[in-house]
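Fold and contact review
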Amino acid sequence: MDDMESGNLGPYQDRPRTFPNMRTKPYSPLVFRLLMGMNSRVLFLILLFALGLLFYIGARASPIIVFVFSVCIISFLLSIYLTKCVLAKDEGPPEMVQISDAIRDGAEGFFRTQYGTISKMAVVLSLVILSIYLFRSTSPQQESSGVGRTASAYITAAAFILGAVCSGVAGYVGMWVSVRANVRVSSAARRSAREALQIAVRAGGFSALVVVGMAVLGVTILYATFYVFLGVGTPGSMKVTDLPLLLVGYGFGASFVALFAQLGGGIYTKAADVGADLVGKVEQGIPEDDPRNPAVIADLVGDNVGDCAARGADLFESIAAEIISAMILGGSMAQRCKIEDPSGFILFPLVVHSFDLIISSVGIFSIKGTRDSSSKSLVEDPMAILQKGYSITILLAVLTFGGSTRWLLYTEQAPSAWFNFALCGLVGIITAYLFVWITTYYTDYKYEPVRTLALSSSTGHGTNIIAGISLGLESTALPVLVISVSIVSSYWLGHTSGLVDESGTPTGGLFGTAVATMGMLSTAAYVLTMDMFGPIADNAGGIVEMSQQPESVREITDILDAVGNTTKATTKGFAIGSAALASFLLFSAYMDEVAAFAQQPFKQVDIAIPEVFIGGLLGSMLIFLFSAWACSAVGRTAQEVVNEVRRQFIERPGIMDYREKPDYSRCVAIVASASLREMIKPGALAIVSPMAVGVVFRILGSYTGQPLLGAKVVASMLMFATVSGILMALFLNTAGGAWDNAKKYIETGAFGGKGSDCHKAAVTGDTVGDPFKDTAGPSLHVLIKMLATITLVMAPIFL
């Protein structure tokens, strides 16, 4: 144990191994530097004043807002406690600290450059939005509310900027904690597997609570501020049911940043990973994360910028889009039904996610360290431990969701409607659980699909690829069936809730679907915790390998890494399911907004009209072209990495026997510059395409006497892109995760173990799956929601 604590166990510990800094000085965002430089008393007074102002505005808007503010602040305090718990752990021996510092420097340096580029593009786009809104037409509702064209333009542009800033901060938080937790998990793995698991979960929990709390707090602050300063509810001012439409810019800003963060980070991490695997594992036959591999630091940096930072921005955007779409639908339904106090229906999504913060915290704290510090092995499977925490969170979600519906959705017009909506929430919760289970079944090597995929590697590289593609294609069936049943059942429950409009027509169907979406995301903070656990465990394994720790320590981190691959895959499946439901809601909101501006009904999209059918084809084509460009970007960048790694092995033959040190920083520089360059084209395609299609067909419609043609074609494009994107994302994510865990299964000793021909074939499959599961796949469900929000924001220019 003494040797283990000091790290003096490997055969190369006497050889000094240093890992270069990627920057000359530590980096933190300007806001954090200003706050840290303030006097503590002044900072305390400023925070106290800000909190007082928040609660004052919230109290003037609604008591529900005060409740949401209180829960968010408590969740931030809990996240601070989790941070202290993680940072209080030791970092291990000096060689671990050196590797961790190199990873942190590389991640923070890339983050600064990437988000600098994204922020410039966001400023340009906000000016475009401002210009469009200043010269667009206004709807009758806006004219009657007193919110003129100029006010609407500045409100939407400001909401867009705020959404982009909050999404960027969410990404930074995800990266900040991961680069500090990885080395502590590595150090803990030398003592106890359960302790390593707990540290990784608590680090992920910190990020999850901050991301979800920021999403809820950002929307709540905007809503309360607009409510107070626009005098909502007073005579001659805006109705409270129209207020959620002013928040759409916030969702668009969050989607914009999340898309580029996911693209840039995904290209970075997978190009480095592919380059490191192809040359290191296949050509040189050295282990994964071996310190002799020049691309290994770039690979470990990529885990943080691609999986942690990008996923934080992604989940932030998912929650923000779902909250805003549900608030819009709740407000429109309450208006049609003439509900006396519609605030409950509008603010219901904020309360659901406030309870999400509470119950997910319980789930996170339910995962405790081992009582026996001398126990090296896990008494239980790590996935089983995480699933127990998830089961606790699910059970609490059912209880709190039912209570929330009775509190906020009870109305005298339909006394039993709240119970129907509670059942809609239960449908969403069950859908989330089924998505997690289905994805686990197709990506965990404890089950038959991945073991069959591993077996196919024994007959060569080609059969591995064929089996992986077929597994990914098959994996789309069950999730689509689950989504279909969820949408139909929740719509029917809402439709039969008893809520009717003035003509007696049932109106609760769409809101029932919105409630199901909220149910699905009611455990989002815990699911994000499981997702963040994955890259932290992966980094910990890399640090253990590079610092030459004993095999028993690497075995622990390998198990955690394999579980992390599964949890990452389940989170992506979860995100796709929520994207499908949220896009359905945003699509309905888009049709309502077009009808309001056009002052005529817009309830159907007829694909028998040639132009509308073409719009559908363009939407499907957009998904395939976007995926192709994302994957090819990884391929081109990986080629540069492969050539650099080969060059170093040829020119520095002493690398293989530890006589020479690889140039890690060269690979980091190559991947960083290439990923920033490559993310622009697919991102621009996603933003420009719907606007260009809408404007072109609007002009065509004006010549052919079809005033709604542009809006109809965009609706068709959005519909087909959503359907194609869901299927493509399911295929890419599941196939990539299965390939990765098939390789991990062989590395446990199955079918010849590490270094065998079977293992080399599995590595090939893994390299094919890398851009699938970590670049194109995750970017697609961001793209789906961004298409929905951008069409909603830009709807007036299509008319």
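Model, not experiment: these values are computed from the prediction. (Residues numbered from 1 in each chain as written. Predicted model: local features only at pLDDT ≥ 70, side-chain atom pairs only at ≥ 80, totals over all residues. Heavy atoms only, no water.)

1. Quick word on the side chain of Glu 678
Structurally, Glu 678 can be placed in helix H21 (residues 664-678). At 2.7 Å, the side chain of Glu 678 and the side chain of Arg 636 are in polar contact. If we skip the residues at most four places from it in the chain, Glu 678 touches Ile 267, Ala 633, Arg 636 and Thr 637. (Helix = DSSP H or I, 4+ residues; strand = E, 2+ residues; numbered from the N terminus. Polar contact = N/O pair within 3.5 Å; in protein donor to acceptor, adjacent residues only side chain to side chain. Contact = heavy atoms within 4.5 Å.)

2. Describing the packing of aromatic side chains
Each aromatic ring pair is characterised by the separation of its centres together with the angle its planes make. Inspection of the entire model under this criterion finds 26 aromatic pairs. Where Phe 345 meets Phe 511, the ring centres are 5.7 Å apart and the plane angle is 55 degrees; that geometry is what we call tilted. Of the two residues, Phe 345 sits in helix H11 (residues 343-365) while Phe 511 sits in helix H17 (residues 509-520), which places them 166 residues apart along the sequence. When sorted by exposure, Phe 345 lands in the same class as Phe 511, which is buried. Chaining the aromatic ring pairs together yields one cluster made of Phe 160, Phe 252, Phe 256 and Phe 260. The lysine or arginine in question, Arg 406, covers the ring of Trp 418, its NZ or CZ lying 5.7 Å from the ring centre. (Phe/Tyr/Trp six-rings, centres within 6.5 Å; stacked < 30°, edge-to-face > 60°. Buried < 20%, exposed > 50% of the residue type's maximum accessible area, 1.4 Å probe, protein only. Lys NZ or Arg CZ within 6 Å of the ring centre and 35° of its normal.)

3. Points about the confidence of the model for the protein
Of the residues in the protein, 92% reach a pLDDT of 70 or more, and the chain-wide mean stands at 83. For the protein, per-element mean pLDDT is lowest for helix H1 (residues 2-6), which scores 32, and highest for helix H15 (residues 461-474), which scores 93. The low-confidence segment residues 371-375 (pLDDT under 50) makes five contacts with residues lying over four places distant or belonging to another chain. (pLDDT = per-residue confidence, 0-100.)

4. Quick look at helix H7 (residues 149-189)
The end-to-end C-alpha separation of H7 is 59 Å, in line with the 60 Å expected for 41 residues at 1.5 Å each. Where H7 bends most, the angle comes to about 30 degrees, and this point is Ala 181. Within H7, 31 of the 41 residues are buried, which leaves the element mostly enclosed by the surrounding structure. (Expected span 1.5 Å × (residues − 1). Bend = angle between axes of the 7 residues up to and from the residue.)

5. Thoughts on unusual backbone geometry
Phi at Lys 338 takes a positive value of approximately 55 degrees, unusual for a residue other than glycine. Structurally, Lys 338 can be placed in the loop between helix H10 (296-336) and H11. By relative accessible area, which is 53% here, Lys 338 ends up exposed. Of note in the backbone geometry, Phe 751 takes a positive phi value of approximately 55 degrees without being a glycine.

6. Some details on the nonpolar core
The biggest cluster of nonpolar side chains holds 263 residues, and the ones touching the most others in it are Tyr 590 and Met 794. A per-element tally of this core places helix H8 (residues 193-229) first, with 24 residues. Not counting the four nearest positions on each side in its chain, Met 794 is found in contact with Ile 129, Ile 132, Phe 252 and Met 691. (Core = buried A, V, L, I, M, F, W, Y, C linked by side-chain atoms within 4.5 Å.)

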